Amino acid sequence: MSVLFEPLTLRNVTFPNRVWMAPMCQYSADEAGDNVGVAGDWHRTHLVSRAIGGAGLIITEAAAVSPEGRISPSDLGIWNDTQADALAKIVAEISSFGTVPGIQLAHAGRKASTAAPWVGGKSLPAEDPRSWETVGPSEVAFGDYASPREATTEDITKIVDDFRTAAQRALKAGFQVAEVHGAHGYLLHQFLSPVSNTRTDSYGGDFAGRTRLLIEVVDAVREVWPEELPLFVRLSATDWLDEPENSEHAAELEAPSWTSDQTVALSQILTEHGVDLVDTSTGGNVHATIPVGPGYQVPFARRIQNETTMPAAAVGMITEPKQAEDIVSLGEATAVLLARELLRDPYWPRRAARELGVEMLPAVAPQYERAY
């Protein structure tokens, strides 16, 4: 028996297996005219091929909840109906292959208004007509990026409303899972971390203040996201600055950066706000030395699983079927999310099932049955 290929039910949604596709930005949406942020042929091929490949859940790349929430001018958006309608067509195809469709709702904050990674990935110059003013919790830049404007309370109210409205559009488009992006140094992570949040009002300062915006966003999304559908949050479990091997501060909720202890505490709080799973990643908010290696982020998911009542999913250099099977069967995570490995091999779930000697769902498309 394989736990990796056992179905999982959260609320009223049953995932056919525990091999899920993580959100990965493609920087391939239109940048101008009426089709800004609209999914096109590339997105359809990219996402639907992984559904044919057997992923139990596919989460789209970060979909910006507002124009200023995009990472780059070519990011997907879900702030208007044209964008939602284009995604709805892809969602229908994903669902037709037995895969659960999910969407990641995001705001890039101080890491917005940048070029795509393959053309430098840095802040667009102010004189570039494609650039825009960025906003963050404080006027603290990410590395050599442009300094953001500190968000006002009016900005914060609008951001919360933008997430709520985006969730409504995602529901209309047919998504069955919504994921709030609170990781990788984007806006909600920026508010969580003292490295980027130096505010002294009720959205900064102590742990309660720094987590307030994320919780308000979760509450706003849950208001419009049906009770029967799961809600995920992606968290960077640490900034990699004050973990035990680096500092004595890790055991404190008021450490000078975001740490795994704070992530564990926040994860338990999120159970009380209708969140069903934490998609557990790390880093992205500050330049840091990260000990990258196979499964290097799994221990952070394990802590959430062991120390809270919140299910957690693991990501990060999970590449081998037995490795993934062990993570899930040993209870280190409820599911695994693959990213780059699914770029290399869209049919990884089916290959893994063969290697583990198990039948899997979703069933292979009849056009491909002769190969199985």
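Structure report, in brief. This one's a predicted model, so the numbers in the text were calculated from it and none came from an experiment.

**With respect to the overall build of the protein chain**
So, step 1. Within the protein chain one finds 10 helices and 12 strands.
So, step 2. Considering only C-alpha atoms, the protein chain reaches an extent of 60 × 50 × 40 Å along its principal axes.
So, step 3. When the 372 residues of the protein chain are sorted by exposure, 60% land in the buried category.
So, step 4. Residue pairs at least 24 apart in sequence account for 70% of intrachain contacts in the protein chain once pairs closer than 6 positions are excluded.
So, step 5. Entry remark: accessible area of the protein chain is about 14,400 Å², with carbon and sulfur atoms responsible for 52%.

**Observations concerning the pattern of salt bridges**
So, step 1. Counting across every chain of the model gives 27 salt bridges.
So, step 2. The closest approach of N and O atoms between arginine 303 and glutamate 307, which form a salt bridge, is 2.9 Å. Of this pair, arginine 303 and glutamate 307 both sit in helix H7 (residues 298-307), four residues apart, which is roughly one turn of that helix.
So, step 3. The partly exposed category is assigned to glutamate 307, whose relative accessible area is 46%.
So, step 4. As a salt-bridge pair, arginine 351 and glutamate 341 come within 3.8 Å of each other at their nearest N and O atoms. Of the two residues, arginine 351 is situated in helix H10 (residues 348-356) and glutamate 341 in helix H9 (residues 340-344); the sequence distance between them amounts to 10 residues.
So, step 5. Judged by its relative accessible area of 23%, arginine 351 falls in the partly exposed class.

**Considerations on the sheet that holds strand E4 (residues 57-64)**
So, step 1. Within the closed barrel, the eight strands sit side by side as E3-E4-E5-E8-E9-E10-E11-E12. Their pairing is parallel. Neighbour-to-neighbour, the strand axes of this sheet turn through a mean angle of 30 degrees, independent of strand direction.
So, step 2. With five bridges connecting them, strand E8 (residues 177-182) and strand E9 (residues 231-236) associate as parallel partners. Its bridge partner lying in E9, glycine 182 is registered against leucine 235.
So, step 3. On the sheet, H7 packs against strand E10 (277-281) and strand E11 (312-315) and is oriented at approximately 175 degrees with respect to E11.

**Here we look at helix H8 (residues 321-329)**
So, step 1. Taken together, the buried positions of H8 are Pro321, Gln323, Ala324, Glu325, Ile327 and Val328.
So, step 2. Looking at the buried positions of H8, the neighbouring elements they touch are H7, E11, strand E12 (335-338) and H10.
So, step 3. Looking one or two residues beyond H8, the residue adopting positive phi is glycine 331, at roughly 75 degrees.

**Focus on the packing of aromatic side chains**
So, step 1. The full count for this structure, using the stated rule, is eight aromatic pairs.
So, step 2. Arranged with centres 4.8 Å apart and planes meeting at 40 degrees, the rings of phenylalanine 15 and tryptophan 20 form a pair that is tilted.
So, step 3. Ring geometry for tryptophan 240 and phenylalanine 300: centres 5.3 Å apart, planes at 85 degrees, overall edge-to-face. Taken together, the residues tryptophan 240 in the loop between E9 and helix H6 (260-271) and phenylalanine 300 in helix H7 connect sequence positions 60 residues apart. Of the two residues, tryptophan 240 and phenylalanine 300, both sit in the buried class.
So, step 4. Here the aromatic cluster, defined as three or more aromatic residues joined through ring pairs, consists of Phe15, Trp20 and Phe232.
So, step 5. Just above the ring of tryptophan 132 sits the side chain of arginine 70; from NZ or CZ to the centre is 4.5 Å.
So, step 6. For the cation-ring pair, lysine 111 lies above tyrosine 186, with the distance from its terminal atom to the ring centre recorded as 4.9 Å.

**Re the packing of H6 against H7**
So, step 1. Close contact between H6 and H7 brings their axes to 10 Å; oriented N to C, the two are set at 45 degrees. With respect to their mutual orientation, H6 and H7 come out oblique. In this structure, the crossing between H6 and H7 has a hand that is right-handed. Touching Ser260, Asp261, Thr263, Val264 and Ser267 of H6 are Phe300, Arg303, Ile304 and Glu307, all from H7.
So, step 2. Among the residues making up the contact of H6 with H7, the classes are represented as three nonpolar, three polar and three charged.

Thresholds applied
Residues numbered from 1 in each chain as written. Predicted model: local features only at pLDDT ≥ 70, side-chain atom pairs only at ≥ 80, totals over all residues. Heavy atoms only, no water. Helix = DSSP H or I, 4+ residues; strand = E, 2+ residues; numbered from the N terminus. Buried < 20%, exposed > 50% of the residue type's maximum accessible area, 1.4 Å probe, protein only. Contact = heavy atoms within 4.5 Å. Areas by Shrake-Rupley, 256 points an atom, 1.4 Å probe, with all protein chains shown as cover. Salt bridge = Lys/Arg side-chain N within 4 Å of Asp/Glu carboxyl O. Pairing = 2+ DSSP bridges. Axes fitted to C-alpha atoms, helices over the stretch in contact; angles between N-to-C directions. Phe/Tyr/Trp six-rings, centres within 6.5 Å; stacked < 30°, edge-to-face > 60°. Lys NZ or Arg CZ within 6 Å of the ring centre and 35° of its normal. Parallel < 35°, antiparallel > 145°, perpendicular 65-115°, else oblique. Left-handed = near helix turned anticlockwise from the far one by under 90°. Nonpolar A, V, L, I, M, F, W, Y, C, P; charged D, E, K, R; others polar.

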